[in-house]
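# Topology and contacts: notes
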Amino acid sequence: MAHRTDLPQPDEALRRADAHPATLHILMRRVAQWIRTTAPHAGFTLDDLDEITSSTTWTHLKHASNTGRVDRPRHSALHAVLVAAMPTPRDGETRGEYALRLIAASGRPS
């Protein structure tokens, strides 16, 4: 009997593709570009990180969809993986400083 959290094969394939290191690399670079060009001297918090990563993942999935629609479970899963892969903002860190750390943390795509 399948466990209730088991995904159908196509859904599991999408989840794995979304969480691929190359995808995360691209999304982290997009977030870094966004925050370093928008008020780079302003402070950066976890709330800022959550808002920006949510928007970035939503946009990415919308463009990747054939229909232009995004299902919430897929968005939530990618958002969680992306936030977990990113460094936590430090107290008093500016957006520009965080962007530099994020670029360094993004590494190279696999």
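Right above here is the structure, for reference.
Counting starts from 1 at the beginning of each chain's written sequence and moves along it residue by residue. Only residues with pLDDT of at least 70 are given local features in this predicted model, and only at 80 or more are side-chain atom pairs given and counted; all residues enter the totals for whole chains, interfaces and linings. Think of the side-chain values as coming from all heavy atoms in the structure, minus any hydrogens and water.

## So, the packing of aromatic side chains
The following threshold applies: Any pair of Phe, Tyr and Trp rings, taking the six-membered ring for Trp, is counted once the centres come within 6.5 Å. Such a pair is stacked with planes under 30 degrees apart, edge-to-face with planes over 60 apart, and tilted for the rest. A helix here means a DSSP run of H or I that spans at least four residues, while a strand means a run of E at least two residues long, and both kinds are numbered starting from the N terminus. Each residue is placed in one exposure class: buried if its accessible area under a 1.4 Å probe, protein chains only, is under 20% of its type's maximum, exposed if it is over 50%, and partly exposed if it falls in between.
Under the definition given, this model contains one aromatic pair. With centroids separated by 4.7 Å and ring planes inclined at 25°, the aromatic side chains of Phe44 and Tyr98 adopt a geometry described as stacked. Of the two residues, Phe44 is situated in the loop between α2 (21–37) and α3 (46–64) and Tyr98 in helix α5 (residues 95–106); the sequence distance between them amounts to 54 residues. A single burial state applies to Phe44 and to Tyr98, both of which are buried.

## Remarks on the pattern of salt bridges
Heads up, the condition is: Take a side-chain nitrogen of Lys or Arg and a carboxyl oxygen of Asp or Glu: if they are within 4 Å of each other, that pair is a salt bridge.
A complete count under the given rule lists one salt bridge for this structure. A salt bridge links Arg101 to Glu93; its shortest N-O distance comes to 2.7 Å. Given the relative accessible area of 6%, Glu93 is considered buried.

## Some thoughts on the nonpolar core
Selection rule: Buried residues of nine kinds, namely Ala, Val, Leu, Ile, Met, Phe, Trp, Tyr and Cys, make up a nonpolar core once their side-chain atoms join them within 4.5 Å. By definition in these notes, contact holds between two residues if any of their heavy atoms fall within 4.5 Å.
Counting 17 residues, the largest nonpolar core has Ile35, Phe44, Leu82, Met86, Tyr98 and Leu102 as its most contacted members. Looking at this core, the elements that each hand over two or more residues are α2, α3, α4 (72–85) and α5. It is α2 that provides the largest number of residues to this core, a total of six residues. Excluding anything up to four places from it in sequence, Phe44 contacts Ile35, Leu49, Ile52, Pro89, Arg90, Glu93, Thr94, Arg95 and Tyr98.

## Some words on α3
Using the following cut-off: Expected span of a helix, by definition, is 1.5 Å for each gap between consecutive residues, and there is one gap fewer than residues. In this description, one arc is meant: the one made by directions from the helix axis to the C-beta atoms.
Over its 19 residues, α3 runs 27 Å from end to end, which matches the ideal 27 Å to within 8%, given 1.5 Å per residue. Within α3 the residues assigned to the buried category are Leu49, Ile52, Thr53, Thr56, Thr57, His60 and Leu61. Buried residues along α3 cover an arc of 155° about the axis, so they all sit on one side. Within α3, the exposed residues directed more than 90 degrees away from the buried face are Asp47 and Glu51.

## Describing the packing of α2 against α4
The line we're drawing: Angular values range over 0 to 180 degrees, each being the angle between N-to-C directions of two axes fitted as lines to C-alpha atoms, with helices fitted over their stretch in contact. Oblique is the label for any angle not under 35 degrees, not over 145, and not in the 65 to 115 range, which are roughly parallel, roughly antiparallel and roughly perpendicular in turn. Note on residue categories: nonpolar means Ala, Val, Leu, Ile, Met, Phe, Trp, Tyr, Cys or Pro, charged means Asp, Glu, Lys or Arg, and polar means any other residue, Gly included.
Between α2 and α4, the least distance of the axes is 10 Å, while the angle of their chain directions is 75°. In terms of orientation, α2 lies roughly perpendicular with respect to α4. When α2 is examined against α4, the residues Leu24, Leu27 and Met28 are found in contact with a partner set consisting of Leu78, Val81, Leu82 and Ala85. Broken down by class, the residue content of the contact of α2 with α4 amounts to seven nonpolar, no polar and no charged.

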